[in-house]
Every structure is written in structure tokens, then in C-alpha cells.
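Residue-level listing of the chains:
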Amino acid sequence: MAVDLERFNRIIDISFVETATRYDGSELRTQNHASSIICPRRGRKPSIEINGTFTTKNYMPTFNLTVKNLYLDLQGKQYSKVKIRAGYEGQLVPIEGSILTMYQEQPGPEGKTVIQCMYGNVQQWLDTMVDLQFDKGAMLTDVLDAIKTKLKASEVKYGEKARTLTLKEPLQKSGTAREVLDVLKKRFEEEHLAIFIRGTMLCAICLTEGDSIGTAKLQYMSAPPQENTGDEAGAYYTTITAPWMPELSIGDILEIPARVYIRNFGTVGGAAKTQKIQVTALSFHFGTTGTTNSMTVQGFMVR
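Note that the structure is predicted; figures quoted are calculated from it, not measured.

How should the side chain of T238 be read in this particular structure?
Residue position: T238 is located in strand β15 (residues 237–242). Here T238 falls in the buried class, since its relative accessible area comes to 2%. Excluding anything up to four places from it in sequence, T238 contacts P225, Q226, E227, I277, V297, Q298, G299 and M301.

Spelled out as C-alpha cells, the structure:
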């Protein structure tokens, strides 16, 4: 029971990071300064919300922070990045992003400040130039390793299917990281290759093939899964609504045990065993106070 109670203790810690270049008397130096909001683990909490949508189709997903009664000394400062730890007590995940805009949505007492952010480092994807020269038969892993080095990404994660892909034709392309990756994905349209970012990692999976970066198990559902057909990949896909799972991300396999379905809806609904979904889109809205806590997951059924 203690574990379940912890899952209802919702926490969002925030650090606003100012990156500034200053002359220290002898040379220019880059310095980082942060203003932080630490959410109490017990007692009254600040009203903070985070919401966003991550998909395998978007290299640079966005998310919003909404903070009630936020007071920051912005005089002479420019906050460029935000570092967040969000989730439940004992299960917080890091989220980092570049601040795009910050504005007051509702002024005065009980005012709300909205901070719109881009997941990861915006400038790397927009400005980094990549020059690819690969022969026919080159491994996808070699191509993405070259892009990873240019982007200074921490690593590249692959699904088992994506790891085996090779170029069917020579690849010669120069451009920004985003432009080069668009060309690379078109080379593997038949394999339904998806390339996306997760934090500081570059990830590649083949949609509809059961490829995954990780696995998470669903514990609660808000509504029965909705299964559909007729997507662009010609496969079954499903929509799940549930409380937010901080450990789940795009590119993962979400497991739905039959017991979870029975516990929530009183029937197995045709699912007598664990169902698996390859997550391709995840929208979430999570807050420290009130009832704000939901996510919608879309993905392909793994048969």
C-alpha cells in the first residue's frame, strides 16, 4: 500500500538556468546560474503543471510549464534553459529543455506564468551542419554514429530491427541535422524507420516491427483501450488513457497485463494475456495540486 500512496504524491522540481558570458578581468568565461523551485515532499505545495506531446515524427518536441505566483528576478538576467525533475515520490525523471518564451497568462494575485520549452537543445538541431558520405551497404548504425558525434549526443539507442538496416543506395548529403535526418528516414520508408530524440540520446526504431528502446508496465487505466486500423503503416494501432507514467517514453513497449484490464473494467475485453503496444506518441498533463494527472498513449499493437 505504501508504494501506491507514493504514486499519488506528485512532485515537480524546477531549476531555471541562466547562461552568461562575462569578462572576469583577464578573459571571457561562460558561467551558469540557476534559480530553483523545490517542491515540498510533505505539506502545502506550489501549484505547478507540466504538459506536452512527444512523438516519433518530431525531432524537437515541446512542453509547457505553468507556475502559479512565480516570482523570478529577471532584471539583467536571461534564463535560457530549464531543468526539471517530475513524477511521483521515489520515481522522479529528469526533463531538460531550452526556454522559448516566458509570459504571464494571468496577472495579479494568483497569477499564472507560462514557460514554453523545446525538449533538449534547440540550437544543436537548427544550426549544427552535418556532411554525410556513405557507400551502398553502409550500416545505419555507422551513419547515426556520425550524426551523433556532430550533435554531441550522449549515445544512439536502436531497436533490434533498426540496428540491422543497411543503405540500399549511396548517401551523400550536407545540411542541418534536421535536414539530413529527414533524407535518411526517406531512404528507409519501406521499413517505417523512425528517428527521434530522448533527452540527450538519439533513437532509431522500425515502426510496426515491435522495435523498442525500453519496456514499461501499465498499472492503471482511465478508459478501455481503443483499437483502430488503417494507419499509414497498415497496422493496428491503439489509444490508451491513464495517469501519467514518468518512466514511459516514445519508442518504448507498453505492457498491459490482463489483470489490470480486469481490475479497471471487470472484464478482460478479449485480452486473456498481456497486451503490448509500441509507443509512437505520448501526450501528458501533470500537476502538483488538484486532479491534473493524465496521459494519452498511441502506438502499434505488437502481435
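Looking at this structure, how should I read the packing of aromatic side chains?
We describe a pair of aromatic rings using the distance from one ring centre to the other and the angle between the two ring planes. Counting across every chain of the model gives 6 aromatic pairs. Summarising the aromatic geometry, the rings of F54 and F284 are spaced 5.8 Å apart at their centres and angled 65° between planes, so their arrangement reads as edge-to-face. Separated by 230 residues along the polypeptide, F54 in strand β3 (residues 48–55) and F284 in strand β17 (residues 275–287) bring together distant segments of the chain. This pair shows no difference in class: F54 is buried, exactly as F284 is. Joined through ring pairs, the aromatic side chains of F54, Y88, Y119, W244, F284 and F286 make up one cluster.

What is the right way to look at the nonpolar core in this model?
L144, I147, L184 and W244 are the most contacted members of the largest nonpolar core, which has 79 residues in total. In terms of residue count, strand β12 (residues 201–206) provides more of this core than any other element does, 6 residues in total. For I147, the contacting residues outside a window of four places in its chain are V130, L132, V180, L181, L184 and L202.

Is there a simple way to explain the pattern of salt bridges in this structure?
Counted according to the given criterion, the structure contains 6 salt bridges. Among the ionic pairs, K168 bridges to E191, the shortest N-O distance being 3.0 Å. Taken as a pair, K168 in the loop between α4 (160–163) and β10 (171–176) and E191 in the loop between α5 (177–187) and β11 (193–198) lie far apart in primary sequence, 23 residues in all. Classification of K168 as partly exposed rests on a relative accessible area of 42%. With relative accessibility at 15%, the residue E191 sits in the buried group. A salt bridge links D252 to R198, with the shortest nitrogen-to-oxygen separation between them at 2.8 Å. Of the two residues, D252 sits in the loop between β15 and β16 (253–256) while R198 sits in strand β11, which places them 54 residues apart along the sequence. Of the two residues, D252 and R198, neither departs from the other in class, the shared state being buried.

Mind showing me how you'd approach the sheet that holds β12 here?
Within a beta sheet, neighbouring strands are joined by backbone hydrogen bonds and run either parallel or antiparallel to one another. Across the sheet, which stays open at both edges, the 3 strands sit in the order β9-β12-β11 with mixed pairing between neighbours. At either end of the open sheet lies a strand with only one pairing partner, and these are β9 (155–158) and β11. For this sheet, the mean inter-axis angle between neighbouring strands, taken without regard to orientation, is 20°. One ladder, built from 4 bridges, connects β9 with β12; its direction is parallel. Across the sheet, the residue bridging to Y158 is A204, located in β12. Across the sheet, helix α3 (residues 140–151) is in contact with β9, β11 and β12; its angle to β9 comes to roughly 150°.

What am I meant to see in the environment of L184 here?
Among the secondary structure elements, L184 is positioned in helix α5. You can call L184 buried: its relative accessible area is 0%. Taking the C-alpha atoms as reference points, L184 and A194, 10 residues apart in sequence, are found 9.9 Å from one another. When neighbours within four sequence positions are excluded, L184 is seen to be in contact with L140, V143, L144, I147, L167, L171 and I195.

Would you mind going over α3 with me for this structure?
The terminal C-alpha atoms of α3 lie 16 Å apart, and with 12 residues this matches the ideal 16 Å at 1.5 Å per residue to within 8%. Every buried residue of α3 is accounted for by L140, T141, V143, L144, I147 and L151. What you see down the axis of α3 is that its buried residues fit within an arc of 160°, all on one side. Remark: K152 follows α3 within two positions and exhibits a positive phi of approximately 60°.

Rules behind the numbers
Residues numbered from 1 in each chain as written. Predicted model: local features only at pLDDT ≥ 70, side-chain atom pairs only at ≥ 80, totals over all residues. Heavy atoms only, no water. Helix = DSSP H or I, 4+ residues; strand = E, 2+ residues; numbered from the N terminus. Buried < 20%, exposed > 50% of the residue type's maximum accessible area, 1.4 Å probe, protein only. Contact = heavy atoms within 4.5 Å. Phe/Tyr/Trp six-rings, centres within 6.5 Å; stacked < 30°, edge-to-face > 60°. Core = buried A, V, L, I, M, F, W, Y, C linked by side-chain atoms within 4.5 Å. Salt bridge = Lys/Arg side-chain N within 4 Å of Asp/Glu carboxyl O. Pairing = 2+ DSSP bridges. Axes fitted to C-alpha atoms, helices over the stretch in contact; angles between N-to-C directions. Expected span 1.5 Å × (residues − 1). Arc of directions from axis to C-beta.

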